[in-house]
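Each chain, letter by letter, is given below.
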Number of protein chains: 2
Amino acid sequence: MILPSILQSARHYIKQALPPGGFAIDGTVGNGYDTLFLAETTGPSGAVFGFDIQQAALQQARCRLEKAGQLEQVRLFHASHHRMGEELPPRLKGKIHAAMFNLGYLPHGDSSVITRKETTIPALQTALDWLKSGGILTCALYTGHPGGQEEADHVIRFATGLCPKSYQVLWQQLINRKQAPSLVIIEKR
Amino acid sequence: MILPSILQSARHYIKQALPPGGFAIDGTVGNGYDTLFLAETTGPSGAVFGFDIQQAALQQARCRLEKAGQLEQVRLFHASHHRMGEELPPRLKGKIHAAMFNLGYLPHGDSSVITRKETTIPALQTALDWLKSGGILTCALYTGHPGGQEEADHVIRFATGLCPKSYQVLWQQLINRKQAPSLVIIEKR
């Protein structure tokens, strides 16, 4: 297939913004696959800050990172992503290269624990505030679970309202599939 | 900038589907920039079939292709793209690697001459019929001119309705700009 999946697309753009030794945020650690991707991309001289409200997810992610020998450059926080501003090192404000968000619920986890617009939108705004110029934020949206469509609508409204002088915003949808995930990519100017 | 423009994105996907010696359709020749891109990509051993209803556009495109030494592999037709099936060599049905469409009007041309849904949708369907498996069609949509939004809506409805078993369809929008162009990319399975 030539057309990329949502996951491939997110990683494609993140890779272009995140150099070895760079700084990244994983706004939704979950099973830790994206955290590992960020840790591998930035390497041992960089830093990845991961947030999740589920302790089980963080344990799984920590295990995955350790097995891959990529735990050293990662700091995991048992906290909601909308409070990331309280945990990130203040010296890195405006210096983050990349931020990834995967909304919805943890696959194979408790599907009643979902991301919600009340915390998702502030988390996205905080991550954008911390991005450097030229930094990239990706946000994968899922609409197949209860509340998913409403959250996605709010994210799209938020992204549409971003000042075009400060941000370039691309929305990718696989439009001929029902409840297909979509991806918002935001580049800070 | 990391995020691609509509034009860069269209060419990125077309390049992956169109090999040297391959076959391509330019559904809207216009000023000939995309025709030249297709001709350069497929090279002298390939073939590009271009359609436009404006003689002035075709002359301009021919001139551009000749200057670049890329006219030999191009056939230009003074015909509406919805009739391309009558002009394309029958032996190439199901063998076309790439098709490009740029809807709207010819820049610096007569802005009352625009593409219209009545012919655009049949043209897109014909181009898809002629694509090979793994072939790519791109369609750039503009909504800033009278009738543009209506045509774009029809194209999106058409693309959304394509069978997911036969086609993968990606829609890219720069959502925080007013009347920003968007791009539909269709891959035939």
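Residues numbered from 1 in each chain as written. Chains lettered and ligands numbered in written order. Predicted model: local features only at pLDDT ≥ 70, side-chain atom pairs only at ≥ 80, totals over all residues. Heavy atoms only, no water.

An unreviewed UniProt entry annotates chain A as Methyltransferase domain-containing protein originating from Thermoactinomyces daqus.

Peer 1: Can you help me understand the packing of helix H5 (residues 117-130) of chain B against helix H6 (residues 148-160) of chain B in this one?
Peer 2: For any two helices packed against each other, one specifies the inter-axial angle together with the distance between the axes. Residue and element names in this part refer to chain B. Direction vectors running N to C along H5 and H6 enclose 30 degrees, while the axes themselves pass 10 Å from each other. By the criterion of interaxial angle, the relationship of H5 to H6 is roughly parallel. The chirality of how H5 crosses H6 is right-handed. Residue-level contacts link Lys117, Thr120, Ile121, Leu124, Gln125 and Leu128 of H5 to Glu150, Glu151, His154, Val155 and Phe158 of H6. Along the lines of polarity and charge, the residues of the contact of H5 with H6 split into five nonpolar, three polar and three charged. (Axes fitted to C-alpha atoms, helices over the stretch in contact; angles between N-to-C directions. Helix = DSSP H or I, 4+ residues; strand = E, 2+ residues; numbered from the N terminus. Parallel < 35°, antiparallel > 145°, perpendicular 65-115°, else oblique. Left-handed = near helix turned anticlockwise from the far one by under 90°. Contact = heavy atoms within 4.5 Å. Nonpolar A, V, L, I, M, F, W, Y, C, P; charged D, E, K, R; others polar.)

Peer 1: So what exactly am I meant to see when it comes to the relation of the copies chain B and chain A here?
Peer 2: Between chain B and chain A, which share one sequence, the superposing operator has a rotation angle of 180 degrees and an axial displacement of 0.0 Å; the RMSD is 0.0 Å. On the angle and the small slide along the axis, the relation comes out as a two-fold axis. Relative to the rotation axis, the closest C-alpha in chain B is found at Gln172 of chain B, a distance of 2.3 Å. Counting the interface residues of chain B, we find that 100% of their copies in chain A are interface residues as well, pointing to one common contact surface. (Least-squares fit on C-alpha atoms with pLDDT ≥ 70 in both.)

Peer 1: Would you mind showing me how to read H6 of chain B here?
Peer 2: Each full turn of the α-helix corresponds to 3.6 residues, which orients residues three or four apart in the same direction. All names here are of chain B. Between its first and last C-alpha, H6 extends 18 Å over 13 residues, near the 18 Å set by a 1.5 Å rise per residue. Among all positions in H6, only Gly148, Glu151, Ala152, Val155, Ile156, Phe158 and Ala159 are buried. The arc that holds the buried residues of H6, viewed along the axis, is 160 degrees, so those residues lie on one side. In this structure, the buried side of H6 is in contact with H5, strand E5 (131-141), strand E6 (167-174) and strand E7 (182-188). (Expected span 1.5 Å × (residues − 1). Buried < 20%, exposed > 50% of the residue type's maximum accessible area, 1.4 Å probe, protein only. Arc of directions from axis to C-beta.)

Peer 1: Would you take a moment to explain the pattern of salt bridges for this structure?
Peer 2: Any two side chains of opposite charge can pair, given that their charged atoms come close. Residue and element names in this part refer to chain A. Enumeration according to the criterion identifies eight salt bridges over all chains in this entry. Ionic pairing is found between Arg11 and Asp34, a salt bridge with its closest N-O pair at 3.2 Å. On the criterion of sequence distance, the pair formed by Arg11 in helix H1 (residues 6-17) and Asp34 in helix H2 (residues 33-42) is long-range, its members being 23 residues apart. A relative accessible area of 7% places Asp34 in the buried class. (Salt bridge = Lys/Arg side-chain N within 4 Å of Asp/Glu carboxyl O.)

Peer 1: Help me understand the nonpolar core in this model?
Peer 2: Looking at soluble globular proteins, one finds that nonpolar side chains tend to be buried together. Counting residues in each nonpolar core, the largest one holds 59 residues, and the members touching the most others are Ile14 and Leu38 of chain A together with Ile14, Leu38 and Ile136 of chain B. When sequence neighbours within four positions are dropped, the list of residues in contact with Ile14 of chain B reads Phe37, Leu38, Ala98, Ala99, Met100, Ile136 and Thr138 of chain B. (Core = buried A, V, L, I, M, F, W, Y, C linked by side-chain atoms within 4.5 Å.)

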